[in-house]
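# Observations on the model geometry
Each chain is listed here by its residues.
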Number of protein chains: 2
Amino acid sequence: MKLLTSLLAALISAAAAQDPLPSWNDAVPKKAITDFVQKVTTAGTDFVPPAERIAVFDNDGTLWSEQPMYFQAFFIFDRIMALAPDHPEWAEKEPFASVVKGDLKSALAGGEKALIEMAMATHAGMTSEEFDKIVSDWISTARHPKTGKLYTEMVYQPMLELLTYLRANGFKTFIVSGGGIEFMRPWAERVYGIPPEQVIGSSIKTKYEVRDGKPVIVRLPELNFIDDKEGKPIGIHQHIGRRPLMAFGNSDGDFQMLEWTTSGKGPRLGLIIHHNDAEREFAYDRESHIGKLAKGLDEGPKRGWSVVSMKDDWQVIYRLAK
Amino acid sequence: MKLLTSLLAALISAAAAQDPLPSWNDAVPKKAITDFVQKVTTAGTDFVPPAERIAVFDNDGTLWSEQPMYFQAFFIFDRIMALAPDHPEWAEKEPFASVVKGDLKSALAGGEKALIEMAMATHAGMTSEEFDKIVSDWISTARHPKTGKLYTEMVYQPMLELLTYLRANGFKTFIVSGGGIEFMRPWAERVYGIPPEQVIGSSIKTKYEVRDGKPVIVRLPELNFIDDKEGKPIGIHQHIGRRPLMAFGNSDGDFQMLEWTTSGKGPRLGLIIHHNDAEREFAYDRESHIGKLAKGLDEGPKRGWSVVSMKDDWQVIYRLAK
């Protein structure tokens, strides 16, 4: 009997060690994911060939945090500070003047127009390679004002496990984010294992130019594409050209992406991450100015989408040290 | 001695059987390709990790024929004929009136403006899924006016071997074509082994809409992006987000794509296919109204790009029956 007990314990332990999603509690969302993956990868009516196994992930609030501001906004502010010495005119010009004074709230008072103006001033006017280096340098040193962590340490451990699990099951994993496509690409492969060609995001226009015999791609201060809300299915269609099997988001900006994904024929999975863990991360939904989630909470469950409670369904939040 | 000869013959035969590019004659371009692949896949200073092994291919004139007109133009004309009964006004309206009368030369006399007008009339006004079906139906039945072949039988056997060879060596193969992205995607995977997410092309704008509870992507009669000349590096940057290692083209519309590719650091390969085989395919270059190749012939070799003579370097032209 003792032997049997030992054997059983060893078996359970081995099973746990093989759990591909160890940071997910054994609750409804985890089961929804693993059941779905098993279904589409097993011979039968719901089998899906590997080439069609596409999973799309929002980034801000889905793969990493987004409070108290989108991390790209911190990048913009840091860039304005760095560039300010070359722009004496900013001292008198909003929203730049407020940023330079450290008054980010006033800087953001101008709403979307002010944000786009600041984005253009900091994301355009250089070559693609120069911008890549600026982002790479920033992301490897800048720290979150509340946690003191590197931003790339604020990616969610359960989602990293999910990305790995899906890829191990033949899925191609894509980011589909309202954030800047070239803001994510320099680090998405290292941090998420997602190569640049599988990153979809908002973009500005660019221009091809040959300078002294050397071709460059120059970033222009003009919006090209906003990859948010209705833009997400459009971005998916443009970049991927087929409907995903699985979609993961956290805000109403992801609603159409989940709607488009889960309206496809055959098995589909939509999942919303609900930020309800004020202690370990942030708690916000219906009233939040960032990552507002209302329609998704009301309609998602009716449409069969899973809702992850970060508080109850995730054993840990942030990336575990390697 | 007889035994040795037999052994040698068997060895040569085995080697030939293992040749990944059997339709390529053992000439300079083939050696340039295989040397390059060996270099970047072998440990050493020129080694490139698989994730960075990107190869880009023009389509018209590089993977399949493009004479006497781009095959997509035949699609446009066939669509106009099919739609004409619903458009009595076309009888009086150029360029449609000429198409309906079978006078394609007059229809094309209006140049790019007329072509775009015809493209919009035939590529927009339906959902993405409806257009996918229209293309799929057409490509599986329409035949080339000169050869009588299905258009997908007019893909080049040597290039199919090259695609397979590169993928076997860890490359991701992309199409980067001036042709319509949604005109290529429905069949590129079946014919070339290139999935939709690795097809880059020209596009029109689209709109996300929910019709009676069912979301659709509606194709709009408005240009979004022209993936030709300077547009090719821009399209590569937008979709792939890193510089390719290898680029294959056949016309001056591919010049910037080869320039951008071969200007990258480390080993790069640019290759131009020269259509000089009037007997087995078509012969055209400097003076052609389609697939004009002049700058590439003059400057390509100075830049170290290989030039394939279809006549001398390819044992067969079109896809061999399977």
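Structure: see above.
Right, let's walk through the structure included here. (Residues numbered from 1 in each chain as written. Chains lettered and ligands numbered in written order. Predicted model: local features only at pLDDT ≥ 70, side-chain atom pairs only at ≥ 80, totals over all residues. Heavy atoms only, no water.)

Turning next to the interface of chain A and chain B. With 37 residues of chain A in contact, the opposing surface of chain B contributes 37 residues. Together chain A and chain B conceal approximately 3200 Å² of surface at their shared face, both sides included; 51% is due to carbon and sulfur atoms. Area buried by chain A at its contact with chain B is led by Glu 197, Tyr 208 and Gln 238 of chain A, which between them contribute 22% of it. Put simply, chain A and chain B have eight salt bridges between them. The shortest N-O distance in the salt bridge between Lys 172 of chain B and Glu 197 of chain A comes to 2.8 Å. Summed over the shared surface of chain A and chain B, the number is 24 residue pairs in polar contact (both at pLDDT 80 or more). Breaking the side of chain A that touches chain B down by element, the ones donating at least two residues are α7 (128-139), β2 (172-180), α9 (181-192), β3 (199-211), β4 (214-225), α10 (231-239) and α11 (255-262) of chain A. Grouping the constituent residues of the side of chain A that touches chain B by class yields 15 nonpolar, 11 polar and 11 charged. (Contact = heavy atoms within 4.5 Å. Buried area = accessible area lost by both parts, 1.4 Å probe. Salt bridge = Lys/Arg side-chain N within 4 Å of Asp/Glu carboxyl O. Polar contact = N/O pair within 3.5 Å; in protein donor to acceptor, adjacent residues only side chain to side chain. Helix = DSSP H or I, 4+ residues; strand = E, 2+ residues; numbered from the N terminus. Nonpolar A, V, L, I, M, F, W, Y, C, P; charged D, E, K, R; others polar.)

Another point: the relation of the copies chain A and chain B. Laying chain A over chain B is done by rotating through 180° and shifting 0.0 Å along the axis; what remains is an RMSD of 0.0 Å. What we have between these two chains is a two-fold relation. Relative to the rotation axis, the closest C-alpha in chain A is found at His 239 of chain A, a distance of 3.3 Å. Both copies present the same face, since 100% of the interface residues in chain A are matched by interface residues at the equivalent positions in chain B. (Least-squares fit on C-alpha atoms with pLDDT ≥ 70 in both.)

Right, let's get into the packing of aromatic side chains. Counting across every chain of the model gives 36 aromatic pairs over all chains. Between Trp 90 of chain A and Phe 96 of chain A, the ring centres sit 4.5 Å apart and the planes meet at 10°, which makes this aromatic pair stacked. Here Phe 96 of chain A falls in the buried class, since its relative accessible area comes to 2%. With a centroid separation of 5.4 Å and an interplanar angle of 50°, the aromatic rings of Tyr 156 of chain B and Trp 314 of chain B are classed as tilted. Pair noted here: Tyr 156 of chain B is in the loop between α7 (128-139) and α8 (157-168) and Trp 314 of chain B is in the segment after α13 (310-313), with a separation of 158 residues, a long-range link. A residue is classified by how much of its surface remains accessible, and Tyr 156 of chain B, at 0% relative accessible area, is buried. By relative accessible area, Trp 314 of chain B is classed as buried at 1%. Of the aromatic side chains, those joined through ring pairs into one cluster are Trp 64, Phe 71, Phe 74, Phe 75, Phe 131, Trp 138, Tyr 151, Phe 183, Trp 187 and Tyr 192 of chain A. Directly above the ring of Trp 260 of chain A sits Arg 243 of chain A, whose terminal nitrogen or CZ lies 3.7 Å from the centroid. The lysine or arginine in question, Lys 295 of chain A, covers the ring of Phe 255 of chain A, its NZ or CZ lying 4.2 Å from the ring centre. (Phe/Tyr/Trp six-rings, centres within 6.5 Å; stacked < 30°, edge-to-face > 60°. Buried < 20%, exposed > 50% of the residue type's maximum accessible area, 1.4 Å probe, protein only. Lys NZ or Arg CZ within 6 Å of the ring centre and 35° of its normal.)

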